[in-house]
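Listed below are the residues making up each chain.
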Amino acid sequence: MTNPPDPAMPPPDDIDRMERALGWRPQQFHPARADRATGGAGARWIVSEGRDAAIGIRSAFVKIGATRITADWFRAEWRNYVSLRGWFLPTVLGFDDDGERPTLALEDLSAADWPPPWDDERVAAVLDALAAVRETRPPDHLIRRELSSDAHWQEVAAERAPFLALGLCSAAWLDAALPALIDAASSAPLAGDALVHLDIRSDNLCFRDGRAILIDWNHAQLANPDLDVAFWLPSLHAEGGPAPESILPDAPALAAWVAGFFCAGAGDPPIPDAPHVRPLQLMQARTALPWAARALGLPPL
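All values reported here derive from a predicted model rather than from experimental measurement.

About the cut-offs
- Residues numbered from 1 in each chain as written.
- Predicted model: local features only at pLDDT ≥ 70, side-chain atom pairs only at ≥ 80, totals over all residues.
- Heavy atoms only, no water.
- Helix = DSSP H or I, 4+ residues; strand = E, 2+ residues; numbered from the N terminus.
- Rg over C-alpha atoms; globule rule 2.2 N^0.38 Å.
- Buried < 20%, exposed > 50% of the residue type's maximum accessible area, 1.4 Å probe, protein only.
- Contact = heavy atoms within 4.5 Å.
- Areas by Shrake-Rupley, 256 points an atom, 1.4 Å probe, with all protein chains shown as cover.
- Core = buried A, V, L, I, M, F, W, Y, C linked by side-chain atoms within 4.5 Å.
- Phe/Tyr/Trp six-rings, centres within 6.5 Å; stacked < 30°, edge-to-face > 60°.
- Lys NZ or Arg CZ within 6 Å of the ring centre and 35° of its normal.

Chemist: Mind showing me how you'd approach the overall build of the protein here?
Modeler: Each helix and strand in the protein was counted, giving nine helices and nine strands. A compact globule built from 301 residues would reach a C-alpha radius of gyration of about 19 Å, and the protein, at 21 Å, matches this within 12%. Referenced to the eigenvectors of the C-alpha coordinate spread, the extents of the protein come out at roughly 60 × 50 × 35 Å. Split into buried and exposed, the 301 residues of the protein put 51% on the buried side. Partitioning the intrachain contacts of the protein with sequence separation of at least 6 by distance along the chain shows that 69% fall at a separation of at least 24. As presented, the protein carries roughly 13900 Å² of accessible surface, and 53% of it is formed by carbon and sulfur atoms.

Given below as structure tokens:
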């Protein structure tokens, strides 16, 4: 009878993959904090080369594509990392791709400061990092993908039940607000040629020496750089940070578009490869929709 695999240890094949990516063989393995969006769909480990931390052993954060979607994410992330330069990036230690389970090794940031909580200095540090991102030359392989302007609120209008089941507003409020939300979102300034991360939230950033380090670059593309700020603000406010309009004032179209993105997505069926996406979108929708209502002068929810 075969013994079941040890959940505290990666399988031997994955340890081999780590060694190829790092150039040294890990000896110690600690499961990393699961990303709220992927919910552990990719294997994530903090690894080190020995047992005695006092002797200055090397450590790393390693993630391995465990499904097709996470494998594609990690390949895209690696390609972006090696094409970018900036103080807002983590140090990349290596990559291995055997065609089955791509393995990305980054510096170990477990000793950095991870939000929340939020204060003025941390908010300013993220805004400084996003300003540096928008000034960074994008890699040649990135393209400007067309982001649909009003499709999210149109989806809600076509099938209201999944959204209303979230309990964010009444059916009467939605009936009255939809025309204004659709009209505002349709004019949102989405297009641009700047580098954008497009997935800024607290579990994708940390602080070191007063600066924000941004991780998980698999969604990077070319767009209006204000999108990075707008996407971040609902989760920032949900975690005790300032109201979105205090950072991005006079942006009703972006507020409506971001609210539509989260409100339409939160009611969709769960994603098997990323089971935590829908709860995360709901958290963001709870602050994004009131932001859009205030920005558009709609009645309170």
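Chemist: Can you help me understand the nonpolar core in this one?
Modeler: What tends to happen in soluble globular proteins is that the nonpolar side chains get buried as a cluster. Val126, Trp153, Phe163, Trp217 and Trp232 are the most contacted members of the largest nonpolar core, which totals 80 residues. At 11 residues, the largest contribution of residues to this core is made by helix α8 (residues 252–266). Counting residues in each nonpolar core, the second largest holds 13 residues, with Met18, Val47, Ala60 and Val62 among its members.

Chemist: For this particular structure, what's the right way to read the packing of aromatic side chains?
Modeler: The geometry of an aromatic ring pair is captured by the separation of the ring centres together with the interplanar angle, meaning the angle of the planes. Per the stated rule, a full pass over the model turns up 12 aromatic pairs. Here the guanidinium or amino end of Arg211 rests over the ring plane of Trp87, the centre of that ring lying 4.1 Å away.

Purely geometric stuff here, so don't read any function into it on its own.
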